[in-house]
Amino acid sequence: MGYFAHESAIIDKDCQIGEGTKIWHFSHLMSNCKLGQNCNIGQNVVISPEVILGNNVKVQNNVSIYTGVICEDDVFLGPSMVFTNVINPRSAVNRRGQYSKTTVKKGVSIGANATIVCGNDIGKYAFIGAGTVVTKEVLPYALIVGNPGRQIGWMSEYGHRLIFNEQGQAECPESKEIYTLTNGHVTKNI
C-alpha cells in the first residue's frame, strides 16, 4: 500500500493515495480523489470525489474538502476549516455537478475555522487567519483576516510577517530571505 489508514477510516474505490500518507480516525476519502505523498489527514476529515491534494498537505481534524478543490504541495488546512463548492445553494434546487473550482497554491496556510467561498483561488504562501471568510481571490504571500477577509499585510514562506522598508524590501527573520514589494505584489528574491 505505501500509506497508513486507521481501521476506522473509509476509503472508497478508485482513490489514489501517495506513499507515506497517513489517514486518521473516522475520515472518509470518496471515490476518485487523489492524495500526494506524505500527506497527513486528521480525524473526521471528508475528502470529496475528484479533490486533488499535492505532496505534504496537512489536513487537521474536522475539515471538509469538497469537489472542485485542488491543493498544491505543502498546504496546511487548520482544524475545522471548510471549503464550499456551490455559490448559490438551495435545498430544493439540484446543483450537483455545477461546482466552482478553487485552487490553493503551494505553501498556503489556512487557519482554524476559516471558510473559503468557492471560486476564489489562493496565491502561493498566502496566510489565512483563523476564522477568516475568504470571499475573493488572494494574492501570493498575502496575510488575510476577518469576515469578510481583508488583507492586512504580507507573510514570508516561513510564516513570518514581512515589514517592508522605504525601498520595498523585507527580510524574513527566520530564513533571512529577502522579499520585494512592487506595485502591490510580493516576490521573493532569488
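Keep in mind the model is a prediction, meaning the values are calculated, not measured.

Brief notes about the sheet that holds strand S18 (residues 127-128)
With mixed pairing, the 9 strands of this open sheet are ordered in space as S1-S4-S7-S10-S13-S16-S18-S20-S21. Looking along the sheet, the strands with just one partner apiece sit at the ends: strand S1 (4-5) and strand S21 (150-154). Bridge count for strand S4 (residues 22-23) against strand S7 (residues 40-41) is 2 bridges, and the pairing is parallel. In the strand pairing of S7, lysine 22 is matched with asparagine 40.

Here we look at the pairing of strand S24 (residues 185-188)
Two elements, strand S23 (residues 178-182) and S24, share 4 bridges in a ladder whose sense is antiparallel. Its bridge partner being in S24, threonine 182 is matched across the sheet by histidine 185. In this antiparallel pair of consecutive strands, S23 and S24, the connection spans 2 residues, and asparagine 183 shows a positive phi of 50°.

Examining unusual backbone geometry
In the segment running from asparagine 147 into proline 148, the intervening peptide bond is cis, with an omega of 0°. Relative to the elements of secondary structure, proline 148 occurs in the loop between strand S20 (142-145) and S21. Look at aspartate 74: it is not a glycine, yet its phi comes out positive at around 65°. Counting through the fold element by element, aspartate 74 comes out in the loop between strand S12 (69-71) and strand S13 (76-77). Relative accessible area serves as the criterion here: at 31%, aspartate 74 is assigned to the partly exposed category. In this model, serine 80 sits at a positive phi of 60°, which is unusual for a non-glycine residue. With relative accessibility at 30%, the residue serine 80 sits in the partly exposed group.

Definitions and cut-offs
Residues numbered from 1 in each chain as written. Predicted model: local features only at pLDDT ≥ 70, side-chain atom pairs only at ≥ 80, totals over all residues. Heavy atoms only, no water. Pairing = 2+ DSSP bridges. Helix = DSSP H or I, 4+ residues; strand = E, 2+ residues; numbered from the N terminus. Buried < 20%, exposed > 50% of the residue type's maximum accessible area, 1.4 Å probe, protein only.

These figures come from the coordinates and say nothing about function on their own.
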